[in-house]
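Below are the chains, spelled out letter by letter.
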Amino acid sequence: MTQPDPEPKNPPVTVDISPLRLKDAHQFSPLLAAYVQSLKRGAPRRPDDYYAETLLQDRAAQVFGARLDGELVGFVMFYDLPDPITGMRLAQVDHLYVSHLHRNMGIAQAMIDMLAEESDARGWSRIILNAPRLPEDGRKLYEKLATKADFSSWEMRFDHSR
């Protein structure tokens, strides 16, 4: 006699993923502050509606939000870029975040899956997934979903506060 599968640790959830608009800035700003806090550590960041509005109006970046029961619980920021290698376009994901209370529910993967579904309509030859070195959470998901890229990244930082 076979035993039924045990209950999943975190049952699948239905997540609504859609582009964030200017009217969503007030909901987006606390999530954005939590994301920055998770990367920078130190004192908690204050939600900044003005900066959230600025990002949501940026001409290069696109931001999609993940909502669970109407609550914004995650976001993905990506860029639609020309791909000189294929002559098509590509998506580059540099920022993906799910609130700590809603992790391990498949929300981050659902956002990546949604982008993959957009690939035909947008003419993307590939999606580049960039993850910070620390924390390792994002990298673990990307290693599960994708293959190692042919490129490495470096950065030059500039201090404009003088």
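Please refer to the structure placed before this passage.
Conventions adopted
Residues numbered from 1 in each chain as written. Predicted model: local features only at pLDDT ≥ 70, side-chain atom pairs only at ≥ 80, totals over all residues. Heavy atoms only, no water. Core = buried A, V, L, I, M, F, W, Y, C linked by side-chain atoms within 4.5 Å. Buried < 20%, exposed > 50% of the residue type's maximum accessible area, 1.4 Å probe, protein only. Helix = DSSP H or I, 4+ residues; strand = E, 2+ residues; numbered from the N terminus. Contact = heavy atoms within 4.5 Å. Phe/Tyr/Trp six-rings, centres within 6.5 Å; stacked < 30°, edge-to-face > 60°. Axes fitted to C-alpha atoms, helices over the stretch in contact; angles between N-to-C directions. Parallel < 35°, antiparallel > 145°, perpendicular 65-115°, else oblique. Nonpolar A, V, L, I, M, F, W, Y, C, P; charged D, E, K, R; others polar. Salt bridge = Lys/Arg side-chain N within 4 Å of Asp/Glu carboxyl O. Pairing = 2+ DSSP bridges.

K.L.:
Tell me about the nonpolar core, and please be specific about residues and values.
P.N.:
By size, the foremost hydrophobic cluster in this structure holds 21 residues, and its most contacted members are Ile-17, Val-76, Val-93, Leu-96, Ile-107, Met-111 and Leu-115. When residues of this core are traced back to their parent elements, those giving at least two are β2 (61-68), β3 (71-83), β4 (88-98), α3 (107-122) and α4 (137-145). Apart from residues no more than four positions distant in its own chain, Val-76 is found in contact with Gln-62, Val-63, Phe-64, Val-93, His-95, Leu-96, Met-111 and Leu-115. Counting 16 residues, the second largest nonpolar core, distinct from the first, contains Tyr-35, Ala-52, Ala-61 and Tyr-79.

K.L.:
Any details on the packing of aromatic side chains? Residues and values, ideally.
P.N.:
Considering all chains together, one arrives at 6 aromatic pairs under this definition. Taking 5.2 Å as the distance between ring centres and 85° as the angle between the ring planes, the aromatic pair formed by Phe-28 and Phe-75 counts as edge-to-face. Of this pair, Phe-28 sits in helix α1 (residues 25-40) while Phe-75 is found in strand β3, placing the two residues 47 residues apart along the sequence. Residue classification places Phe-28 among the buried residues on the basis of a relative accessible area of 0%. In this structure Phe-75 comes out as buried when scored by relative accessible area, which is 0%. The interplanar angle of 80° and the centroid separation of 5.9 Å between the aromatic rings of Phe-78 and Trp-124 together place this pair among those described as edge-to-face. Of this pair, Phe-78 sits in strand β3 while Trp-124 sits in strand β5 (residues 124-129), and the two are 46 residues apart along the sequence.

K.L.:
Please provide a residue-by-residue account of the packing of α1 against helix α2 (residues 49-56), values included.
P.N.:
For the pair α1 and α2, interaxial distance at closest approach is 8 Å and the crossing angle is 105°. If you check the angle between α1 and α2, you find them roughly perpendicular. Residue-level contacts link Ala-25, His-26, Phe-28, Ser-29 and Leu-32 of α1 to Asp-49, Tyr-51, Ala-52, Glu-53, Leu-55 and Leu-56 of α2. In the contact of α1 with α2, the residues fall into 7 nonpolar, 2 polar and 2 charged.

K.L.:
Can you explain the pattern of salt bridges? Please cite residues and give values.
P.N.:
Overall, the coordinates contain 7 salt bridges when judged by the stated rule. In this structure, Asp-80 engages Arg-122 in a salt bridge whose closest nitrogen and oxygen atoms are separated by 3.8 Å. With Asp-80 in strand β3 and Arg-122 in helix α3, the pair connects residues that are 42 residues apart, well separated along the chain.

K.L.:
Explain the environment of Leu-101 to me, using residue names and the numbers behind them.
P.N.:
Examined against the element boundaries, Leu-101 turns out to sit in the loop between β4 and α3. On the accessibility criterion, Leu-101 (78% relative accessible area) is exposed. With 28 residues separating them along the chain, Leu-101 and Val-73 place their C-alpha atoms 8.5 Å apart.

K.L.:
Lay out the sheet that holds β2 with the relevant residues and their values.
P.N.:
Adjacent strands of a sheet pair through backbone hydrogen bonds, lying either parallel or antiparallel. If you walk across this open sheet you meet the 5 strands as β1-β2-β3-β4-β5, and the pairing is mixed. Of all strands in the sheet, those with a lone pairing partner are β1 (16-19) and β5, marking the two edges. If you compare each strand with its neighbour and ignore which way they point, the axes differ by 25° on average. The pairing of β4 with β5 spans 5 bridges and is parallel.

Read these as geometric descriptors, not functional statements.
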